[in-house]
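In case you want the letters, here they are:
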Amino acid sequence: MDTALDLFVACLPGLEPWCAREFAATGLVPADSVREQSGGLALRGDLHDAFALCLHLGTASHVLVRLAEFPCHHLAELRRRCDRIDWTRWLPRNARLEVRATTRRTKLYHSGAVAERVELALREQLGPAPEPATDGSAPLAILVRVEGETVTISCDAAGAPLHRQGWRLEGAKAPLREDLAHALVLASGWDPSMPFVDPFCGSGTLPIVAARIAAGRLPGEGRTFAVEQLCDFDAERAAALRGSVAAGHREVTVPIGAADRDAGAVAATRANAERADVAAALEVVEGNWRDAPGLVDPGAVGAVVSNPPFGKRVGDARLVNLWQSIGAVLGRLPEGWRLALLSADRRLALRTGLPLKTAFLTRHGGLGVRAMVRGAAVD
Ligand SMILES: C[S@@+](CC[C@H](N)C(=O)[O-])C[C@H]1O[C@@H](n2cnc3c(N)ncnc32)[C@H](O)[C@@H]1O
């Protein structure tokens, strides 16, 4: 039986090419079957592939499994068509569900009514929902999209967004999402044989992401995924995959340095690194960014990957001075060092005087932000 389904790997806008590169490096599903689209990657795969993608991808935010797609012109037809689909093939009896609908350019514009019709059809086949969970576990998210006269119904294979990997519980000022941090690390051109430094580490997201890559740990290792609740899911195969991933863990031998002048940020970095199982790999210093381990007396060619303060006000003199000094210090690093800096303000990044190119543009904390890199493979 052909168990292949349409899968969609969703990511932050702007991260698609980095998600595609990360995907290609996993070798999971033939890369030529993948189409890069706005907001993510479309491909064919089964439920195990959806699970493996959740486990492997650090730049993705969700993996959607398409359960049904059909033409539809009005609400009564929506219900009739949903009744004709055998939902018990995927969804367990009495499953806790959360049905969400979005509509675009359609006569079925009332998203609440669309979600209600789908939920009624699902409940009729699956039986009543149990009492709300007391263990904090999320319901299965069923996403209904109506575009024109086409209805697409998908299940979110991830559950909680993939960037919630489980270790970044302590935040400092404006912590980066793990998926954005992962994309910045990839865009820097750093590879796990090189030293890594984040001199403005905040809660430690960037150096922890790098240390986990160097340690052979996958982004999703510390959590479970909604797809594991689906009927056709092969739990034994998934356990075998988790086992082989765990067997590939290795000791981190390259220096991974971090600094922050804020004691709370340093404590958060240490606690997060502990939870991420990479505390031993990180050297974290409380102090000025210039004293970050790896920047003082740099040895082998490495990478500086960081998210220095960029403020919200354009032209803040203190920030301009800071970015100029960053440029002066990083500009003196030996030939070959990779640099990747995240900024909301391109002009601020150019104050470094470094030949930086834009690797991607995305959103962070309600702002448009830009990854500026030197020495990396940017098309
Ligand atoms: C935008 S935050 C970094 C957030 C971090 N990427 C994260 O995911 O949590 C910038 C950090 O730079 C630190 N910082 C600002 N000026 C500094 C300086 N002169 N030396 C060292 N750290 C500094 C701040 O304390 C703050 O934690």
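Before reading further, recall that the structure is shown in the block above.
Reading guide: rules and limits
Residues numbered from 1 in each chain as written. Predicted model: local features only at pLDDT ≥ 70, side-chain atom pairs only at ≥ 80, totals over all residues. Heavy atoms only, no water. Helix = DSSP H or I, 4+ residues; strand = E, 2+ residues; numbered from the N terminus. Rg over C-alpha atoms; globule rule 2.2 N^0.38 Å. Buried < 20%, exposed > 50% of the residue type's maximum accessible area, 1.4 Å probe, protein only. Contact = heavy atoms within 4.5 Å. Areas by Shrake-Rupley, 256 points an atom, 1.4 Å probe, with all protein chains shown as cover. Lys, Arg positive; Asp, Glu negative; His and termini not counted. Charge placed at Lys NZ, Arg CZ, Asp CG, Glu CD. Pairing = 2+ DSSP bridges. Axes fitted to C-alpha atoms, helices over the stretch in contact; angles between N-to-C directions. Near = heavy atom within 4 Å. Polar contact = N/O pair within 3.5 Å; in protein donor to acceptor, adjacent residues only side chain to side chain. Nonpolar A, V, L, I, M, F, W, Y, C, P; charged D, E, K, R; others polar.

## Here's the deal with the overall build of the protein
Counting secondary structure elements, the protein contains ten helices and 14 strands. For 379 residues, the compact-globule estimate of 2.2 N^0.38 gives 21 Å, and the C-alpha radius of gyration of the protein, at 23 Å, lies within 12% of that figure. Reported as C-alpha extents along the three principal axes, the dimensions of the protein are approximately 70 × 45 × 40 Å. Burial analysis of the protein (379 residues in total) assigns 52% to the buried set. Pairs at least 24 apart in sequence give 77% of the contacts found in the protein among residues at least 6 apart. Accessible surface for the protein amounts to roughly 17200 Å². Of this, 50% is attributable to carbon and sulfur atoms. Averaging the coordinates of the 44 positive side-chain charges in the protein and doing the same for the 44 negative ones gives two points 7 Å apart.

## A few points about the environment of Leu186
Mapped onto the fold, Leu186 is located in helix H5 (residues 178–188). Look at Leu186 and you get partly exposed, because its relative accessible area is 29%. Sequence separation between Leu186 and Gly58 is 128 residues; the distance between their C-alpha atoms is 9.9 Å. Not counting chain neighbours up to four residues away, the residues in contact with Leu186 comprise Trp18, Glu22 and Thr59.

## Description of the sheet that holds strand S6 (residues 140–147)
Strand order across the open sheet formed by seven strands is S2-S3-S1-S4-S7-S6-S5, with mixed pairing between neighbours. Either end of the sheet is taken by a strand with one partner, and the two such strands are strand S2 (35–37) and strand S5 (97–104). Strand-to-strand twist in this sheet, taken as the mean axis angle between neighbours without regard to direction, amounts to 30 degrees. Bridge count for strand S1 (residues 5–11) against strand S4 (residues 60–71) is five bridges, and the pairing is antiparallel. Pairing of Phe8 across the sheet is with Leu64, part of S4.

## Some details on the site of the ligand
As a structural note, the neighbourhood of the ligand is formed by 17 residues, with Leu176, Ser203, Thr205, Asp260 and Trp289 the closest of them. In the environment of the ligand, a nitrogen atom lies 3.2 Å from a nitrogen or oxygen atom belonging to the backbone of Arg261. For the ligand, the protein covers 93% of the area, taking 610 Å² as the surface of the free molecule. Grouping the amino acids of the shell around the ligand by side-chain chemistry returns seven nonpolar, six polar and four charged.

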